[in-house]
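Take a look at the letters that make up each chain.
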Amino acid sequence: MALMTILDVTIGFAGPNLLDSVTAQIESGQRIGLLGRNGAGKTTLLKLLSGDLVPDHGEIQRDEKTRVARLTQDVPLDMKGSIAEIVLAGVPHEWVSDPTTRWEAEHAVESTLSRMQLDGNLQFESLSSGMKRRVLLAQSIVSKPDILLLDEPTNHLDIDSILWLEDFLSRWDKTLVFITHDRSFLQKLATRIWEVDRGRLFDWSCNYKTFLDRKEQALEAEEKQNALFDKRLAEEEAWIRQGIKARRTRNEGRVRALKAMRVERSQRQNRVGTAKLEVQEAERSGALVAELTDVSFAYGDHQVVNQFSTALMRGDKIGIIGPNGAGKSTLLKLLLGKLTPDSGKVRLGTKLEIAYFDQLRDTLDPEKTVQENVSDGTDQLKVGGKAKHILGYLQDYLFTPERARTKVKFLSGGERNRALLAKLMSKPANVLVMDEPTNDLDAETLELLEELLVQYDGTLLLVSHDRTFLNNVVTSTIVFEDQTIRQYVGGYDEWRAAVERRRDSGAIDSALPKTKQSATAPIDVVPKSTQTVNPAANKPEPRKLSYKEKRELEMLPEKIESLEQQIAGLHQAMALPNYYQSEGAKIAADAALLSATEEELSAAYLRWEELEN
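Residues numbered from 1 in each chain as written. Predicted model: local features only at pLDDT ≥ 70, side-chain atom pairs only at ≥ 80, totals over all residues. Heavy atoms only, no water.

### What to know about the sheet that holds strand β4 (residues 57-62)
Put simply, the rule is: For two strands to count as paired, DSSP must find a minimum of two bridges between them. To qualify as a helix, a DSSP run of H or I must reach at least 4 residues; to qualify as a strand, a run of E must reach at least 2; elements of each kind are numbered from the N terminus. Interaxial angle, 0 to 180 degrees, is taken between N-to-C directions of lines fitted to C-alpha atoms, where a helix line uses only the stretch in contact. Residue contacts are counted whenever heavy atoms from the two residues lie within 4.5 Å of one another.
On the basis of which strands lie adjacent, the open sheet formed by three strands has the order β2-β1-β4 and antiparallel pairing. Edge positions in the open sheet fall to β2 (19-27) and β4, since each of these has one partner strand only. When the angles between neighbouring strand axes are averaged without regard to direction, this sheet yields 5 degrees. As judged from the five bridges shared by strand β1 (residues 2-11) and β4, these two strands associate in the antiparallel manner. Bridge assignment links Leu7 to a residue of β4, and that residue is Glu59. In the packing of helix α1 (residues 42-50) onto the sheet, contacts are made with β1, β2 and β4, and the angle to β1 comes to roughly 125 degrees.

Next up, the structure:
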């Protein structure tokens, strides 16, 4: 039996309807991931399900005993009190006010606090944003709702908090409907996908991975169908223009059919285009972008960075990972020379043109329009070496002229992100600094931004908690962990694998004392294999290569050929009759170079075989 039924629901504000005659059912125990472009109507649908909005047409049917709770996207700024008081506010008023059920309400609060590892005596206003979200989630579930609605639950959470939330919700035995931009979170939890697209609600009844395959096939089929329809409509329009014979009695049916086609075409909501992102690259920076040597920095008694050393080279794409409040933004400012360290040395490279994407969107003036924020008072921008009108440029970021003239304070979270991207990309830069750029972006814009950053020839510093985004973009990570800072090759998955290997081998923190932070990656100790009856049975299933690995595999043949040519050249030089009459230092240097090149060639062959398999 369905817990809730959406029956022929229509709702709209300005412009086309967000939902147009939508019908669907929510069954018990399902975990529904709700997808759609920014502004498509996802949050509106959650408000309809929770009863906070009434549809213009149709109805939402549910049993009187079905309880629904909704966790909103934003944390209320004026919320104060102890954690226990905040959670108690989620209990139905009749439970609290009735002395016979008061004990039941208090017991529900205590068990919920224990289950979610919260201290009820702490003050809500003193908590981090991640802990505040956990308290609000506790408030939502304390009354044991049959349907839990979550709007972007991972926004502004650090990775540890996201993993905790994933684990908690995976064990939640009630029905879950959630909106998220986090593809790893979606893949982990969703058993059913709903998609809001141009006023319709598509029920894909599958997990996220299967949805991606089916969606691509559906879009191709839709494009073909629309093209055939438009071709037939054009033929009928040409026929009607032939003159009086088109209006003879025997052709009246054809004329009526043409009128119906015109109505159908006018009612078709075309698919929203994809944003066109383009970085305006400045002159190349020097080979060295920044170098930190034994840098320390503290806020009062709180030590943020302690004797940290690293070097950032041109073309590096560095992901910075750590808990909220660990000091990621402080490290960025030290790397960019915006902060002076308490001790140690910071050396910046030459010809640096830095563009900064701010997590708090502070670089946007909320009282100005999108056009005013991006243009800085001019009507023309130079894009790709050519002049372009500001409104045309903003249309590449999916802002209509009307929306471009809207004040920033009235934009949605996703629109603010796109506005900031438009401003960022309009300035020439050879160093991009991006602090949580993925918050509120829809999946298509996320994937486009990924592709842009992978192809970017400059240097990238990226703070993000989006695991898929990190895996697809960065070449190495700097991680705040175990009260120190370490650097690893690869993205999120490579970091987690290295930590697991270090934990399994018992080599945690053996090479690096906690009193000193270093960017040197710890040695990954792989435990000796144990005897098994059937080794093939323990062989891991082959995984798909990441984008970085695919690029590495494509470049390896060229690298191997180059190394072989170097070795052949050295052998040829050493074979000359008078070679050993040279100075001893040169002979020794050539021998060392030959040995190093042969080792590099051997490593390249091994890496090629590893990636091929």
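Having put the structure on the table, let's press on.
### Considering the sheet that holds strand β19 (residues 476-481)
Taken together, the six strands give an open sheet; going across it, the order is β14-β17-β18-β12-β19-β20, and neighbouring strands pair in mixed fashion. Both edges of this open sheet fall to β14 (354-357) and β20 (484-489), since each of them pairs with a single strand only. Neighbour-to-neighbour, the strand axes of this sheet turn through a mean angle of 15 degrees, independent of strand direction. Helix-sheet contacts for helix α17 (residues 492-505) involve β12 (317-321), β19 and β20, and the interaxial angle to β20 is about 115 degrees.

### Observations regarding helix α10 (residues 328-335)
Inclusion rule: Note on classification: 1.4 Å probe, protein chains only; a residue is buried when its accessible area is under 20% of the maximum for its type, exposed when over 50%, partly exposed between these limits.
Across the eight residues of α10, six count as buried, placing the element largely inside the fold. Along α10, the residues classified as buried are Lys328, Thr330, Leu331, Leu332, Leu334 and Leu335.

### Some thoughts on the pairing of strand β17 (residues 431-435)
With five of its five residues buried, β17 lies for the most part within the structure. Alternating positions in β17 separate into two faces, Val431, Val433 and Asp435 on one and Leu432 and Met434 on the other, with burial throughout. Relative to β17, β14 is paired through four bridges, and the arrangement is parallel. Its bridge partner being in β17, Ile354 is matched across the sheet by Val431.

### Considering the nonpolar core
We apply this condition: Put simply, a nonpolar core is a bunch of buried Ala, Val, Leu, Ile, Met, Phe, Trp, Tyr and Cys residues held in one set by side-chain atoms that sit within 4.5 Å of each other.
In terms of nonpolar packing, the biggest core is built from 46 residues, with Tyr393, Leu394, Met434 and Leu449 touching the most fellow members. By residue number, the principal contributor to this core is helix α14 (residues 413-425), which donates six residues. Core analysis: the second largest hydrophobic core is formed by 42 residues, Ile86, Met116, Phe124 and Phe185 among them.

### Some details on empty space enclosed by the protein
Operational definition: Lining residues are those with an atom within 4 Å of a point, where the points come from a 1 Å grid over the protein atoms alone and group into cavities, where a 1.4 Å probe fits but cannot get out, or pockets, open sets with protein on both sides within 12 Å along at least five of seven lines. Grid points are joined across faces, edges and corners, and a volume is the space filled by probe spheres set on the points. Note on residue categories: nonpolar means Ala, Val, Leu, Ile, Met, Phe, Trp, Tyr, Cys or Pro, charged means Asp, Glu, Lys or Arg, and polar means any other residue, Gly included.
Counted by the stated rule, this structure contains four cavities of 30 Å³ or more. Size it by volume and the largest cavity reaches roughly 90 Å³. Lining the largest cavity, in full, are Leu71, Gly130, Arg133, Arg134, Leu137, Pro153, Leu157, Ser161, Trp164 and Leu165. Looking at which element gives the most residues to the lining of the largest cavity, the answer is helix α5 (residues 129-141), with four residues. For the lining of the largest cavity, the residue count by class is six nonpolar, two polar and two charged. Within this model, the second largest cavity holds a volume of roughly 70 Å³. Lining the second largest cavity are Thr154, His156, Leu157, Ile162, His181, Asp182, Glu436, Thr438, Asn439, His465 and Asp466. Here the residues of the lining of the second largest cavity sort into two nonpolar, six polar and three charged.

### A short note on the confidence of the model for the protein chain
Threshold: Every residue gets a pLDDT, meaning the predictor's confidence in that residue, from 0 to 100.
Across the protein chain, the average pLDDT comes to 81, with 87% of residues at or above 70. Per-element confidence in the protein chain ranges from a low mean pLDDT of 73 for helix α9 (residues 252-267) to a high of 95 for strand β7 (residues 175-179).

### A closer look at the side chain of Ser82
With respect to the element layout, Ser82 can be found in the loop between β5 (68-71) and α2 (83-88). Exposure remark for Ser82: the relative accessible area of 10% places this residue in the buried category. In contact with Ser82, not counting residues within four places along its chain, are Gly120, Asn121, Leu122, Gln123 and Phe124.

### Re the pattern of salt bridges
As a reminder of what qualifies: For this analysis, a salt bridge means a side-chain nitrogen from Lys or Arg found within 4 Å of a carboxyl oxygen belonging to Asp or Glu.
Under the definition given, this model contains 18 salt bridges. In this structure, Glu106 engages Arg102 in a salt bridge whose closest nitrogen and oxygen atoms are separated by 3.0 Å. Of the two residues, Glu106 and Arg102 both sit in helix α4 (residues 99-115), four residues apart, roughly one turn of that helix. On the basis of relative accessibility, which here comes to 38%, the residue Glu106 falls in the partly exposed class. Overlapping salt bridges bring together Glu195, Asp197, Arg198 and Lys215 as one network.

### A few points about unusual backbone geometry
Glycine aside, residues mostly have negative phi angles, and peptide bonds mostly take the trans form. Although it is not a glycine, Asp294 adopts a positive phi angle of roughly 50 degrees. Structurally, Asp294 is set in strand β10 (residues 288-299). Relative accessible area serves as the criterion here: at 32%, Asp294 is assigned to the partly exposed category. Unusually for a residue other than glycine, Lys351 sits at a positive phi of about 55 degrees. Following the sequence through the fold, Lys351 ends up in the loop between β13 (343-348) and β14.

### Some words on a positive patch on the surface
How we decide: For patch detection, residues must exceed 30% relative accessible area and be free of salt bridges, and they are connected within 9 Å for like charges or within 5 Å for nonpolar side chains (Val, Leu, Ile, Met, Phe, Trp, Tyr). Per-residue and other accessible areas were derived by the Shrake-Rupley procedure at a 1.4 Å probe size, with only the shown protein chains allowed to occlude residues. Positive residues here are Lys and Arg, negative ones are Asp and Glu, while His and the chain termini are left out of the count. In plain terms, the charge of a residue is placed at NZ if it is Lys, CZ if Arg, CG if Asp and CD if Glu.
A surface patch of positive charge is lined by Arg67, Arg115, Lys144 and Lys174. One can find Lys144 in the loop between α5 and β6 (147-151).

### Things to note about the packing of aromatic side chains
The description of an aromatic ring pair rests on the distance of the ring centres and on the angle between the ring planes. We count it as follows: Two aromatic rings from Phe, Tyr or Trp, using only the six-membered ring of Trp, form a pair when their centres are within 6.5 Å; if the ring planes differ by under 30 degrees the pair is stacked, by over 60 it is edge-to-face, and anything between is tilted.
Throughout the structure, instances matching the rule amount to seven aromatic pairs. When the ring of Trp204 is compared with that of Phe211, the centres are 5.3 Å apart and the planes differ by 75 degrees; the resulting orientation is edge-to-face. There is no split in this pair, since Trp204 and Phe211 are both buried. With a centroid separation of 4.9 Å and an interplanar angle of 85 degrees, the aromatic rings of Phe297 and Tyr299 are classed as edge-to-face. Taking relative accessible area as the criterion, Phe297 reaches 8% and is therefore assigned buried. On the basis of relative accessibility, which here comes to 43%, the residue Tyr299 falls in the partly exposed class.

### Quick look at the environment of Ala404
Looking at the secondary structure, you find Ala404 in helix α13 (residues 401-404). Ala404 sits 32 residues away from Glu372 along the chain, and the two C-alpha atoms are 8.7 Å apart. When neighbours within four sequence positions are excluded, Ala404 is seen to be in contact with Thr369, Val370, Gln371, Leu391, Leu394 and Phe399.

### Things to note about the pairing of strand β9 (residues 200-203)
Relative to β9, strand β8 (residues 192-197) runs antiparallel, the two sharing four bridges. Within β9, the residue paired with Trp194 across the bridge is Asp203. The hairpin turn running from β8 into β9, its antiparallel successor, is two residues long, and Arg198 in that turn takes a positive phi close to 55 degrees.

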